[in-house]
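Here's the letter readout for the chains.
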Amino acid sequence: MTVLEGGKISGRQFMAVLIVLRIVPVTLVFSLISNINHVQDVWIAVIIGAVITIPFAVLVTKLSLRFPGKTIIEYSQILLGPVVGRLLGLVILWCFLCTSIDITRVLGEGYVIAIMPETPILAFMVMLAFMSSYAARSGLEVTCRLGEDVFYILVFVLLLTYVLPYNAMRFENLRPVLAWGVSNLVPPVISDLGFYSQFLMIGMLVPYLNRPEDATKYAIYAVLIGSGLMALAAVVLVAVFGPTANSWTLPLYSLSRMISLGEFFERIEVAVMAAWTLSTGIKLALFLWAASIAIAQLFNLRAFEHLVYPLGAVIVASGLFFFNSMVDLEDFLAKAGAVSSILVAGVTLTLLYAALGIRTLIRRRKGGSG
Amino acid sequence: MRVRRYMSISVLLAIVPVVLSMTGCWSRKEIEDIGFVLSIGVDHAAEEGEIMITVHIAKPFAISTGVAGAVDEKPFWQVSSTGHTVFEAWRNLRQQSPRRPLLHHSRFIVFGEEFARGGIREAIDFFSREGEVRETNTVVVAKGVKASEVVWNEFELERMPAEGALGIMKIAVQELSTAVMVTLNDFLQILEVEGHEAVASRAELVRRPSFEDPRGELKRETISVSGRETGAAAFKGDKLVGWLDKTQTRGLQWVKGKVRGGIIVIEQLETEDKLASIEILRASSAVIPKIVDGRPFVLIKVGALGNLGETQEYFDPMESQEIWISMERRMAEMIKHEIQAALDIAKYEFNSDIFGFGAEIYRKYPKEWMKLKDRWDEEFRKLDVEIEVETSLRRSGLTRRSIQVVRKEED
């Protein structure tokens, strides 16, 4: 069988794309802050999310390291047999597609809500999907190299939007800490974990690392940096907007509108939006690539490149038809979407580890009796 | 091969957002078709249940000054329109404006007194939901008049009403501390913060005496009605409850730690009715809530630095250290007096916690606050407040002692 994907990526690129993967919906809709009643504790929810995610990321990575050169789609067929393994692969593929659909629609909505209300949303979605498909088609190596550059831009712009509205910040908004109990934190933690479930992508990336042994380290870094950036966003948003922070549709966009330095350095939100677009493009490219590879591996195809453009078209169309409105989309991201992706990630991991355990047990017994 | 592909994708990725942000497609707005709104006022319309908005729009062709052929006319236009909601009224404005009015550059959101007393809830949602309005707009209430009259107050030295009002307000905030500038973001936030009532800027009309210059004709008529932007408007919930004057506003700003400048006039010596001016340099404050036996109690600590700016009677600080110290003491008393003035009006007249004492209690004692919350109005009225002011006079300007008038006429 010919090699589907011949590219190799470095550990740092791996980390960068994982962070972009987590930060992308946050730059537009920040579900954590939209789903909390008393916003001042949202940074604690981010930390709790990170604490739960680190073991998850480590488990996914360790599993992939046991099957060098094989993606999660391939080794689930080895572990669970061709039928169950393929079914699981299809569910993972469905998750990849769902995520692509969400983010394409979210970016389109972001543009229509914030910048160009009269423009049909299709224009933005098509442009994004075209851009990302073009990148995904060139393979993982190109996407990840771009991803690293975009990551630096993203972090730079994020830090800029965190620091520059300093004259509107009031840190007393962050108190009282935990006055509303832990139950206040449950919805944001669930939505955080929902997005972190997308770290199943690690299973697609590890086989292409040039030094796979570093994968665990970089996966943990990705969770830490991603959560750090989100915790900062949470703190800054609450400091600037106080209790009204959960009223915004696009919190970080509204934050960038608060920037006003000496009455000349202001109205930079369009530049900020450009950075969000780039990072969304990278995330979509990565998911399109992963979905195409998954399809190719599930159905034993010889190349994945031809799948990318059709998938892009499918994603744009589904993005238009899946959600009636922005409210519908936000509701999905906060509730059904989050819970279902946690379920998929949890079930996938449990099944695979159970199968691995049984396999090693059988092998040991055979070895012992033989 | 891969490198070239990488390059071409980078270029594509870079170009697409740039092209998108140039708004070349559907949402294009040409500068010739736009009217920039600089402030927007909200009032009740003459028709029952309708809202009237008044905007002041810049006239670009009349702005340029001193250039040959410049149009000698008002560089702005004020126009009103009505509707059942703010948004409808705003959209109805298009029936009168040949250019599409845009709110991106607006500076002020003004509410008429009558409208504000009835509650502004029904008007504010538009301003946070509409993407054209910036959260950095200043919220103003017009005292005694409709917002429509204040929106186009003219000022000398600035051709645009909004720029003039902004200039005056900024100076009053920075160098007098007798005005507040509350952004839309702050205002909306405080409506949601527990135990904190909002204030907004106060604007009113003043008649300027007209000077008949006997020496020649005036080239441009002096402005007969102008605006005054000092003081503050106090709210309770979303309803206007009253006005703070200059002293009370500075009292409020002392508590908030927002005093940035100003003059404090004190008696120079206890025995004589001569005065001295102290220039405020910096100030800081801390509001410390305490709960003693279930009863709330608030300690306000204010620190202020000042310079001696002027004395009416001969004064030499080198004569005795005590005079200097007693000046500091009298400065502290004046500050206390200003704070007390603000406290009294907020407690007994408005019964509105514009200082946010309740919010401080909520932040420090969230559990106790839950019990206090529902009867905070009475508790606030009864609240014991202790004011501690620490002042320090730093310098005495370019002179050390004052100029002494030697009595010569009695020889």
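Residues numbered from 1 in each chain as written. Chains lettered and ligands numbered in written order. Predicted model: local features only at pLDDT ≥ 70, side-chain atom pairs only at ≥ 80, totals over all residues. Heavy atoms only, no water.

Enquirer: Give a description of unusual backbone geometry that names residues and reports values.
Expert: Residues and elements named next belong to chain A. Omega for the bond connecting Arg 175 with Pro 176 falls within 30 degrees of zero, at -5°, which places this linkage in the cis form. Along the polypeptide, Pro 176 turns up in the loop between helix 6 (140–163) and helix 7 (186–196). Phi at Asn 300 is positive, roughly 55°, even though this residue is not glycine. Along the polypeptide, Asn 300 turns up in the loop between helix 11 (269–298) and helix 12 (305–322). Taking the relative accessible area as the measure of exposure, Asn 300 reaches 53% and is therefore exposed. (Helix = DSSP H or I, 4+ residues; strand = E, 2+ residues; numbered from the N terminus. Buried < 20%, exposed > 50% of the residue type's maximum accessible area, 1.4 Å probe, protein only.)

Enquirer: Kindly report on a nonpolar patch on the surface, identifying the contributing residues and their values.
Expert: Nonpolar side chains collect at one region of the surface, where A:Val83, A:Val84, A:Leu87, A:Leu90, A:Phe299 and A:Leu301 lie side by side and expose about 540 Å² of accessible area between them. The topology assignment puts A:Leu90 in helix 4 (residues 72–114). (Patch = residues over 30% accessible without salt bridge, like charges linked within 9 Å, V, L, I, M, F, W, Y side chains within 5 Å. Areas by Shrake-Rupley, 256 points an atom, 1.4 Å probe, with all protein chains shown as cover. Salt bridge = Lys/Arg side-chain N within 4 Å of Asp/Glu carboxyl O.)

Enquirer: Which residues make up the packing of helix 6 of chain A against helix 9 (residues 215–241) of chain A, and what are the values?
Expert: All names here are of chain A. Two elements in contact, helix 6 and helix 9, have axes whose closest approach is 10 Å; the angle formed by their N-to-C orientations is 25°. Viewed along their axes, helix 6 and helix 9 adopt a mutual orientation that is roughly parallel. The two elements helix 6 and helix 9 meet at a crossing, and its hand is left-handed. Contact with helix 6, carried on its side by Val 155, Leu 158, Thr 161 and Tyr 162, involves Leu 229, Leu 232, Ala 233 and Val 236 of helix 9 and no other residues of that element. Within the contact of helix 6 with helix 9, the residues separate by chemical class into 7 nonpolar, 1 polar and no charged. (Axes fitted to C-alpha atoms, helices over the stretch in contact; angles between N-to-C directions. Parallel < 35°, antiparallel > 145°, perpendicular 65-115°, else oblique. Left-handed = near helix turned anticlockwise from the far one by under 90°. Contact = heavy atoms within 4.5 Å. Nonpolar A, V, L, I, M, F, W, Y, C, P; charged D, E, K, R; others polar.)

Enquirer: Please set out the environment of B:Leu38 residue by residue, giving values where relevant.
Expert: With respect to the helices and strands, the residue B:Leu38 is situated in strand 1 (residues 34–44). Given the relative accessible area of 10%, B:Leu38 is considered buried.

Enquirer: Can you break down the pairing of strand 1 of chain B residue by residue, with the values?
Expert: Residue and element names in this part refer to chain B. The element strand 1 is largely enclosed, with a buried count of 9 among its 11 residues. Where strand 1 lies against strand 4 (residues 100–102), 3 bridges are found, and the strand directions are parallel. Each residue of the ladder has a partner; that of Ile 34, found in strand 4, is Arg 100. Alignment of strand 1 against strand 2 (residues 51–58), held across 7 bridges, turns out to be antiparallel. Considered in strand 2, the bridge of His 44 is made with Ile 51. Linking two consecutive strands that pair antiparallel, namely strand 1 and strand 2, is a turn of 6 residues; a positive phi of about 75° is found at Gly 49 within it. (Pairing = 2+ DSSP bridges.)

Enquirer: Account for the state of the cysteines, with residues named and values stated.
Expert: Residues and elements named next belong to chain A. According to the stated counting rule, one finds 0 disulfides over all chains in the structure shown. Considering cysteine sulfurs only, Cys 98 is the nearest to Cys 95, which forms no disulfide, with 6.4 Å between them. Given a relative accessible area of 18%, Cys 95 falls into the buried group. (Disulfide = S-S within 2.5 Å.)

Enquirer: Before we move on, could you go through the interface of chain A and chain B and cite the residues and values that matter?
Expert: At the junction of the two partners, chain A supplies 42 residues and chain B supplies 42 residues. The tally of links from chain A across to chain B stands at 4 salt bridges. As a salt-bridge pair, A:Arg175 and B:Glu360 come within 4.0 Å of each other at their nearest N and O atoms. Between the two partners, chain A and chain B, sit 16 residue pairs in polar contact (both at pLDDT 80 or more). Put simply, the parts of the chain that give the side of chain A that touches chain B at least two residues each are helix 5 (121–137), helix 6, helix 9 and helix 11 of chain A. The element best represented in the side of chain A that touches chain B is helix 5 of chain A, accounting for 7 residues. Residue classes in the side of chain A that touches chain B are distributed as 24 nonpolar, 6 polar and 12 charged. (Polar contact = N/O pair within 3.5 Å; in protein donor to acceptor, adjacent residues only side chain to side chain.)

Enquirer: Please provide a residue-by-residue account of the packing of aromatic side chains, values included.
Expert: Enumeration according to the criterion identifies 21 aromatic pairs over all chains in this entry. Ring centres 5.7 Å apart and planes at 75° place the aromatic pair A:Tyr208 and A:Trp289 in the edge-to-face group. Note that A:Tyr208 is positioned in the loop between helix 8 (202–205) and helix 9 and A:Trp289 in helix 11, a separation of 81 residues in sequence. Comparing A:Tyr208 with A:Trp289 shows no difference in burial state: the two are buried. Their ring planes at 70° and their centres at 5.3 Å tell us that B:Trp369 and B:Trp376 sit as a pair that is edge-to-face. For B:Trp369, a relative accessible area of 2% translates into the label buried. Of the aromatic side chains, those joined through ring pairs into one cluster are B:Phe355, B:Phe357, B:Trp369, B:Trp376 and B:Phe380. A:Arg22 extends its terminal NZ or CZ atom over the ring of A:Tyr196, reaching a point 4.9 Å from the ring centre. (Phe/Tyr/Trp six-rings, centres within 6.5 Å; stacked < 30°, edge-to-face > 60°. Lys NZ or Arg CZ within 6 Å of the ring centre and 35° of its normal.)

Enquirer: Any chance you could break down empty space enclosed by the protein for me, citing the residues and the numbers?
Expert: All names here are of chain B. The full count for this structure, using the stated rule, is 3 cavities of 30 Å³ or more. Residue assignment for the lining of the largest cavity shows that the elements contributing at least two residues are strand 5 (108–112), helix 6 (147–151) and helix 7 (161–176). For the lining of the largest cavity, the residue count by class is 11 nonpolar, 2 polar and 1 charged. (1 Å grid on protein atoms, 1.4 Å probe; cavity = no way out; pocket = protein on both sides within 12 Å on 5 of 7 lines; lining within 4 Å. Points joined across faces, edges and corners; volume = space filled by probe spheres on them.)

Enquirer: So what's going on with the side chain of B:Ser352? Which residues, and what values?
Expert: Following the sequence through the fold, B:Ser352 ends up in the loop between helix 10 (321–350) and helix 11 (357–364). Within the structure, the side chain of B:Ser352 is placed 2.7 Å from the backbone oxygen of B:Phe235, a separation counted as a polar contact.

Enquirer: Tell me about the nonpolar core, and please be specific about residues and values.
Expert: Core analysis: the biggest nonpolar cluster contains 148 residues, and A:Phe14, A:Phe199, A:Met204, A:Leu205, A:Trp276 and A:Trp289 have the highest contact counts within it. Per element, the largest residue contribution to this core is 19 residues, and it comes from helix 11 of chain A. Apart from residues lying up to four places away in sequence, A:Phe14 is in contact with A:Ile9, A:Ile202, A:Leu205, A:Val206, A:Leu209, A:Ala215, A:Tyr218 and A:Ala219. Residues B:Val259, B:Val298, B:Ala304 and B:Ala332 belong to the second largest nonpolar core, which totals 81 residues. (Core = buried A, V, L, I, M, F, W, Y, C linked by side-chain atoms within 4.5 Å.)

Enquirer: For the domain arrangement of chain B, give the residues involved together with the corresponding values.
Expert: Residues and elements named next belong to chain B. Each domain of chain B was delimited in the assignment, giving domain 1 (30–244) and domain 2 (245–411). In this structure, domain 1 and domain 2 have C-alpha centres spaced 32 Å apart. Facing 26 residues of domain 1, the contacting portion of domain 2 comprises 28 residues. The contact between domain 1 and domain 2 buries some 2,000 Å² in all, and 59% of this surface belongs to carbon and sulfur atoms. The largest contributions to the domain 1 side of the interface with domain 2 come from Ser 177, Glu 194 and Leu 244, which together make up 31% of the buried area. (Domains from an automatic or database assignment. Buried area = accessible area lost by both parts, 1.4 Å probe.)

Enquirer: Which residues make up the pairing of strand 12 (residues 275–292) of chain B, and what values do they have?
Expert: All names here are of chain B. For strand 11 (residues 262–267) and strand 12, the ladder comprises 6 bridges, and the chain directions are antiparallel. Across the sheet, residue Val 265 finds its bridge partner in strand 12, namely Ser 277. As paired elements, strand 12 and strand 13 (residues 295–311) share 16 bridges and run antiparallel to each other. Counterpart to Ser 285 in the pairing with strand 13 is Val 302. Counted along the chain from strand 12 to the antiparallel partner strand 13, the turn is 2 residues long, and its residue Asp 293 has a positive phi close to 50°.

Enquirer: Quick one: what's the story with helix 4 of chain A, residue by residue and with numbers?
Expert: All names here are of chain A. Counted at 1.5 Å a residue, the expected span for helix 4 with its 43 residues is 63 Å, but the 38 Å between its end C-alpha atoms falls short. At Gly 81, helix 4 is bent by approximately 130°, the largest bend along its length, and proline Pro 82 sits one to four residues beyond. Burial of helix 4 is extensive: 31 of the 43 residues sit out of reach of the surface. (Expected span 1.5 Å × (residues − 1). Bend = angle between axes of the 7 residues up to and from the residue.)

Enquirer: Any chance you could break down the pattern of salt bridges for me, citing the residues and the numbers?
Expert: Counted by the stated rule, this structure contains 23 salt bridges over all chains. The residue B:Asp125 makes a salt bridge to B:Arg129 at a minimum N-O spacing of 2.8 Å. One end of the pair is B:Asp125 and the other is B:Arg129, both in helix 5 (residues 121–129) and 4 residues apart, which spans about a single turn. The salt bridge partner of B:Glu338 is B:Arg250, with a shortest N-O separation of 2.9 Å. On the criterion of sequence distance, the pair formed by B:Glu338 in helix 10 and B:Arg250 in helix 9 (residues 246–256) is long-range, its members being 88 residues apart. The pair formed by B:Glu338 and B:Arg250 is uniform in burial state, with each residue classed as buried. A cluster of three or more residues bridged by salt bridges with shared partners is formed by A:Arg175, B:Glu360 and B:Arg363.

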